[in-house]
Amino acid sequence: MDIRRIVKTLGTIVLCAFAAFCSGAMAASHREAPQIANDPAADNTDFYMFRSWTNPSNVVFILNVIPVQEPSGGPNYFNFGDDVLYRINVDTNADGREDLVYEIRFKTEIRGPLAALELPLGYVALPPITALDGTGSEGLMLRQRYTVTQVRNGVSVDLGTQTMYAVPSNAGPLTMPNYEALAAQGVFALANGGKVFAGQRDESFYIDLGGAFDTLNLRRTPPVLTASEDANDAVNPFGVDTLSGFNVSSIAIEVPIASVTGNPNAVIGAYASTERQKVRVLVPKDTIRHTPGAGDGGVARRAGGANQAGPFTQVSRMGNPLVNELVIGLDQKDRWNTTDPADEAQFAGFYLDSRLATAINLRFGTNIPTTNRVDLVNALLKYPSQPQSGTCTANDCAELLRLDLAVPPTAPASQKRLGVLAGDNAGWPNGRRPNDDVTDIALRVVAGILIGTPEGNLRLGDGVNFNAGAPGTNVTANGIYTVFPYLPTPHDGRNRRHVDCGEPLANPCN
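Residues numbered from 1 in each chain as written. Predicted model: local features only at pLDDT ≥ 70, side-chain atom pairs only at ≥ 80, totals over all residues. Heavy atoms only, no water.

Asks: Kindly report on the overall build of the protein, identifying the contributing residues and their values.
Replies: The helix and strand tally for the protein stands at 11 helices and 13 strands. By the burial criterion, 58% of the 510 residues in the protein qualify as buried. For the protein, the share of sequence-separated contacts (at least 6 apart) that also reach a separation of at least 24 residues comes to 69%. For the protein, the exposed area adds up to about 19,000 Å²; of that, 53% sits on carbon and sulfur atoms. (Helix = DSSP H or I, 4+ residues; strand = E, 2+ residues; numbered from the N terminus. Buried < 20%, exposed > 50% of the residue type's maximum accessible area, 1.4 Å probe, protein only. Contact = heavy atoms within 4.5 Å. Areas by Shrake-Rupley, 256 points an atom, 1.4 Å probe, with all protein chains shown as cover.)

Next up, the structure:
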């Protein structure tokens, strides 16, 4: 193992994360831009990429959408968008552009023997829902089917081996008495030797959002952890995990590395994106239903709602966490979402001048470098094989999450939330796992840990070290869900609870 290569790769991506904090707030791209905040079904919240620790010859990609789901938010709960094209885009040759794409499309249906009753609920315990199809699925009146298509060199291949169904939202124990068993039925084999899951999961990203967005009003001043606190990945020393008890909608794909690249030691890059068709026409509620014909241009009409037409266009993207939310200026966030990561050079100025460093200095009296942060440009936008010049030329600046496939995965019991900063080279910024503490890593990189500033040696953090209250089995003491799809069972609507300050697993309110 070439440790210099690992450090260079990880350092690049760690700086990525920190750059994302530059706008003075902290979160992993949940509602990160004005327009996408109004479109949760297409809002990329988190993107994960890592080598599987259950099968190290595989690589895992996880795309999350629909942020901050209140588990009891019925009666319609949370569904993927039929009119959204979900994409996982992979760069295999370090030119910043995708060479391999997985496209996921959904189709919603109202079905089953109970549909004729026109009940006001999508899920009912008549009888309880114990299956996604066939006997036991009668109460699953609203159901989503989906397809996974691989696109490489302009050739599209349907990877499905059977009809695939999304796992519904976890309404509660009467309606879905064994949700984990139901979710297990939602893992489907792919034709390339991989597998896929689509459905609701626990929101694994952990952060003290309330303190962060109150102008860095974290619950310790300055927000520095002790050595023992920093080493404990199963206790939240002073922060409140704002996202505890919330759910998210996930698409997880695990495939053989050999199906992605012929080089098992390559450094690959990837990002998640969502697309919508360019034309959306609202249909009056009294429009008569009819079958589309030649005069319709192939566009289906319906009674009320909207018609979608035209080519797909990108409306949201995410590689490294925090970038659009905290690096890109407010007036450019929507444009950034529609721009290809390979064209990131036009936004380089946001990386060079660290707004977060400025905010930390003003708030806590530190002296972190704020301008000419060439290190952040190199970290966020370049492969380690490219010139580390801090400038962008043709094909050498792209905002991607990068993964060194030569680094072996770390077993859950040995994983460290601080990744490479704690000697765990399989963690962010070398790819990203659900339990990686991108908040604390980013803070320390922006403070200068990779360029030798005194502030870089501070144990800066928000005081939240793990995903508190992750439900279900297969969960370690520090909240890691150990098996595919690698995100814990979602909280159910009836018994949901959020771990607030002053409660078990949290800290005193202060």
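Asks: Explain the nonpolar core to me, and be specific about the residues and the numbers.
Replies: Buried together is how nonpolar side chains tend to be arranged in soluble globular proteins. Judged by nonpolar contacts, the single largest core of 75 residues is most densely connected at Phe61, Tyr86, Tyr102, Tyr146 and Ile253. With 7 residues, the top contributor of residues to this core is strand S2 (residues 58-69). Of all hydrophobic cores here, the second largest spans 11 residues; its members include Val327, Phe347, Phe350 and Leu381. (Core = buried A, V, L, I, M, F, W, Y, C linked by side-chain atoms within 4.5 Å.)

Asks: Outline the state of the cysteines, supporting the account with residue identities and numerical values.
Replies: Within the structure shown, the criterion is met by 1 disulfide. One disulfide in the model links cysteine 392 with cysteine 397; its S-S distance is 2.0 Å. Handedness here is read from the sign of the S-S torsion; for cysteine 392 and cysteine 397, about -80 degrees, the answer is left-handed. You can call cysteine 397 buried: its relative accessible area is 4%. (Disulfide = S-S within 2.5 Å.)

Asks: Quick one: what's the story with unusual backbone geometry, residue by residue and with numbers?
Replies: Omega for the bond connecting leucine 126 with proline 127 falls within 30 degrees of zero, at -5 degrees, which places this linkage in the cis form. On the secondary structure map, proline 127 appears in the loop between strand S4 (100-110) and strand S5 (142-152). Notably, alanine 94 is not glycine yet its phi reads approximately 65 degrees, a positive angle. Mapped onto the elements, alanine 94 comes out in the loop between strand S3 (85-91) and S4. In this structure, asparagine 474 takes a positive phi of about 60 degrees despite not being glycine. Tracing the backbone shows asparagine 474 in the segment after helix H11 (438-447).

Asks: I'd like to hear about the environment of threonine 242, residue by residue, with values.
Replies: Positionally, threonine 242 belongs in the loop between helix H4 (227-231) and strand S10 (247-256). The partly exposed category is assigned to threonine 242, whose relative accessible area is 31%. Remark: the alpha-carbon pair of threonine 242 and valine 68, spanning 174 residues in sequence, is separated by 9.8 Å. Dropping the residues within four chain positions of it, threonine 242 is found in contact with Ile207, Asp208, Leu209 and Gly210. Only 2.9 Å separates the side chain of threonine 242 from the backbone nitrogen of leucine 209, close enough to count as a polar contact. (Polar contact = N/O pair within 3.5 Å; in protein donor to acceptor, adjacent residues only side chain to side chain.)

Asks: Could you give me a rundown of the pattern of salt bridges, with the residues and numbers involved?
Replies: Following the criterion strictly, the structure yields 26 salt bridges and no others. Notably, a salt bridge pairs arginine 433 with aspartate 436, separated by 2.9 Å at the nearest N-O pair. Here the two residues arginine 433 and aspartate 436 agree in accessibility, since each one is buried. The structure contains a network of salt bridges with shared partners spanning Asp230, Asp233, Arg417, Asp437, Asp440 and Arg444. (Salt bridge = Lys/Arg side-chain N within 4 Å of Asp/Glu carboxyl O.)

Asks: Pulling in residues and values, what's your account of the environment of valine 445?
Replies: Inspection of the secondary structure assignment puts valine 445 in helix H11. The class for valine 445 is buried, based on a relative accessible area of 0%. On a C-alpha basis, the gap between valine 445 and leucine 460 in space is 9.8 Å, while along the polypeptide they are 15 residues apart.

Asks: Describe helix H10 (residues 374-381), listing the residues and the values that go with them.
Replies: Most of H10 is tucked away, with 7 of its 8 residues classed as buried. For H10, the set of buried residues is Asp375, Leu376, Val377, Asn378, Ala379, Leu380 and Leu381.

Asks: Tell me about the pairing of strand S13 (residues 401-404), and please be specific about residues and values.
Replies: Here is the key point about a regular strand: its side chains alternate between the two faces of the sheet. Every second residue of S13 is oriented toward a common face, with Leu401 and Leu403 on one face and Arg402 and Asp404 on the other, all of them buried. As defined by bridge partners, strand S11 (residues 267-282) adjoins S13 across 4 bridges and the pair is classed as antiparallel. By the bridge assignment, isoleucine 268 is partnered in S13 with leucine 403. (Pairing = 2+ DSSP bridges.)

Asks: Before we move on, can you summarise the side chain of threonine 489 with the specific residues and values?
Replies: Looking at the element boundaries, threonine 489 is found in the segment after H11. A distance of 3.4 Å separates a polar atom in the side chain of threonine 489 from a polar atom in the side chain of glutamate 180. Beyond its immediate sequence surroundings of up to four residues, threonine 489 is in contact with Tyr179, Glu180, Arg201, Asp202, Pro471, Gly472 and Tyr481.

Asks: Before we move on, can you summarise helix H9 (residues 355-364) with the specific residues and values?
Replies: Buried residues of H9: Leu356, Ala357, Ile360, Asn361 and Phe364, and no others. Buried residues in H9, looked at end-on, bunch into an arc of 140 degrees, giving them a common side. One or two positions beyond H9, positive phi appears at glycine 365, with a value near 75 degrees. (Arc of directions from axis to C-beta.)

Asks: Tell me about the packing of aromatic side chains, residues and numbers included.
Replies: The full count for this structure, using the stated rule, is 10 aromatic pairs. Ring geometry for phenylalanine 50 against tryptophan 53: centres 5.3 Å apart, planes inclined by 15 degrees, an arrangement best described as stacked. Accessibility expressed as a relative area gives 1% for phenylalanine 50, which makes it buried. Residue class for tryptophan 53 comes out buried when judged on its relative accessible area of 14%. Here the aromatic rings of phenylalanine 80 and tyrosine 86 are separated by 5.7 Å at their centres, their planes lie at 85 degrees, and the arrangement is edge-to-face. Pairwise contacts between aromatic rings join Phe50, Trp53, Phe484 and Tyr486 into one cluster. Above the ring of tryptophan 336, the side-chain terminus of arginine 317 is found at 3.5 Å from the ring centroid. (Phe/Tyr/Trp six-rings, centres within 6.5 Å; stacked < 30°, edge-to-face > 60°. Lys NZ or Arg CZ within 6 Å of the ring centre and 35° of its normal.)

Asks: Just give me the short version of the sheet that holds strand S1 (residues 44-51), but keep the residues and values in it.
Replies: The strand order across the open sheet formed by 5 strands is S1-S2-S10-S9-S8, and the pairing between neighbours is antiparallel. Looking along the sheet, the strands with just one partner apiece sit at the ends: S1 and strand S8 (187-189). For this sheet, the mean inter-axis angle between neighbouring strands, taken without regard to orientation, is 15 degrees. The pairing of S2 with S10 spans 9 bridges and is classified as antiparallel. Paired with asparagine 64 across the strands is serine 250, a residue of S10. (Axes fitted to C-alpha atoms, helices over the stretch in contact; angles between N-to-C directions.)

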